[in-house]
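Per-entry structural report
Now for the letters of each chain:
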Amino acid sequence: MNTTPSKTTTPSTTTPPAGTTDPADAVTEEATAQDSLVKDPATDSPAKDPAPKDTTGTPSDAADSGTAPDDLAGQSDDDDDDDDALEPVPFDEARHGVGAGAAAVVSAALGVVALTGAWTGRVAAERETLIGQIQTSGGGSAAQQISEIYGDAWHTTALVNGVFAVLALLVGVFVLVRPAFGAPSERPQPTWVRAVALAGVALGVLGVLISAGMYFDLFVSLPTAGVPAGG
């Protein structure tokens, strides 16, 4: 009977010589290399664009097309504002030319007064008549009485009418030449203003001519007193 205990073999724990690799380490390195080749779908997979691509253009084109209506709307609003600015305001249109129109009417009225006479002319003529009567009350020749009583009153009336005629002429000319001076106006002078001003100028010129003829006795002369018979 063999009483010698059996020898138990133990794995060799000696370090392998240099230049050799442990089979276990080789297996571990191979597994690590294989794991590195496997991509993690959560981290290594490329990020997908959640927005679907348009078949007719890129997403940036879609964004531009989305903002295009807003730009068109803004442009249309600007065009509307420009149109409103170009359209004349009724109040401004009515106010334009009011001063020139009033001056033209005044010119025409002064021309009419110059031709028909005014109460100022009659008052001045009556005053001259009264003065003539006072001067000739103490005696005087017939020619002196005609000149002092009738002639001075006639000339005074012509002078007053001539003053109105000159005023009508000056105001009408001012209205006609006003657009050529000062700040230029955006709108031309209304036609009716020029027409009325031209009528005032014509009446003024006619009144000046008639008044001058009356004052200088060009149309009719003063009456003369006849020499008494047997005088």
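Description of the structure in this document. (Residues numbered from 1 in each chain as written. Predicted model: local features only at pLDDT ≥ 70, side-chain atom pairs only at ≥ 80, totals over all residues. Heavy atoms only, no water.)

Broken down by element type, the protein carries seven helices and zero strands. When the helices and strands of the protein are listed from N to C terminus, the series reads α-α-α-α-α-α-α. Looking at the protein as a whole, 17% of its 231 residues qualify as buried. In the protein, of all internal contacts separated by at least 6 residues, the share reaching a separation of at least 24 is 82%. A total accessible area of about 17,200 Å² is found for the protein, and carbon and sulfur atoms account for 63% of it. (Helix = DSSP H or I, 4+ residues; strand = E, 2+ residues; numbered from the N terminus. Buried < 20%, exposed > 50% of the residue type's maximum accessible area, 1.4 Å probe, protein only. Contact = heavy atoms within 4.5 Å. Areas by Shrake-Rupley, 256 points an atom, 1.4 Å probe, with all protein chains shown as cover.)

One way to put it is that helix H4 (residues 98–116) packs onto helix H6 (residues 142–177) with a least axis distance of 8 Å and a crossing angle of 155 degrees. Here H6 runs roughly antiparallel to H4, going by the angle between their axes. Pair H4 / H6 crosses with left-handed handedness. Contacts between H4 and H6 involve Ala100, Ala103, Ala104, Ser107, Leu110, Gly111, Val113 and Ala114 from the former and Asn161, Phe164, Ala165, Leu167, Ala168, Val171, Gly172 and Val175 from the latter. Among the residues making up the contact of H4 with H6, the classes are represented as 12 nonpolar, four polar and no charged. (Axes fitted to C-alpha atoms, helices over the stretch in contact; angles between N-to-C directions. Parallel < 35°, antiparallel > 145°, perpendicular 65-115°, else oblique. Left-handed = near helix turned anticlockwise from the far one by under 90°. Nonpolar A, V, L, I, M, F, W, Y, C, P; charged D, E, K, R; others polar.)

On to the packing of aromatic side chains, then. All chains considered together, the criterion is met by two aromatic pairs. Ring geometry for Tyr150 and Trp154: centres 6.2 Å apart, planes at 25 degrees, overall stacked. In this pair, Tyr150 and Trp154 are both assigned in helix H6, four residues apart and thus about one turn of the helix distant. Residue Tyr150 is classed as partly exposed on the basis of its relative accessible area of 41%. Ring geometry for Tyr215 against Phe216: centres 5.2 Å apart, planes inclined by 85 degrees, an arrangement best described as edge-to-face. (Phe/Tyr/Trp six-rings, centres within 6.5 Å; stacked < 30°, edge-to-face > 60°.)

Judged by nonpolar contacts, Leu110, Ala114, Ala118, Val160, Phe164, Ala165 and Ala168 together constitute the single largest core of seven residues. Elements with a minimum of two residues in this core: H4 and H6. The dominant element in this core, judged by the number of residues it contributes, is H6, at four residues. Ignoring anything within four residues of it in the chain, the contact list for Ala168 reads Ser107, Leu110, Gly111, Gly200 and Gly204. (Core = buried A, V, L, I, M, F, W, Y, C linked by side-chain atoms within 4.5 Å.)

With that settled, consider the pattern of salt bridges. Charged atoms that come close allow side chains of opposite charge to pair. Scanning the entire structure with this criterion turns up one salt bridge. Taking the shortest distance from any N to any O, the salt bridge between Arg127 and Glu128 comes out at 3.8 Å. A relative accessible area of 53% places Arg127 in the exposed class. (Salt bridge = Lys/Arg side-chain N within 4 Å of Asp/Glu carboxyl O.)

Looking at where Asn161 falls in the secondary structure, it is placed in helix H6. Dropping the residues within four chain positions of it, Asn161 is found in contact with Val113, Ala114, Gly117, Ala118 and Ser211.

We now examine the packing of helix H5 (residues 119–135) against H6. Packing of H5 against H6 leaves a shortest axis separation of 8 Å and a crossing angle of 155 degrees. When the axis of H5 is compared with that of H6, the two are roughly antiparallel. For H5 against H6, the interelement crossing comes out right-handed. Within the contact between the two elements, H5 uses Thr120, Gly121, Ala124, Ala125, Glu128, Thr129, Gly132, Gln133 and Gln135 and H6 uses Glu148, Ile149, Asp152, Ala153, Thr156, Thr157, Val160 and Phe164.

Read these as layout, nothing more, since geometry by itself doesn't imply function.
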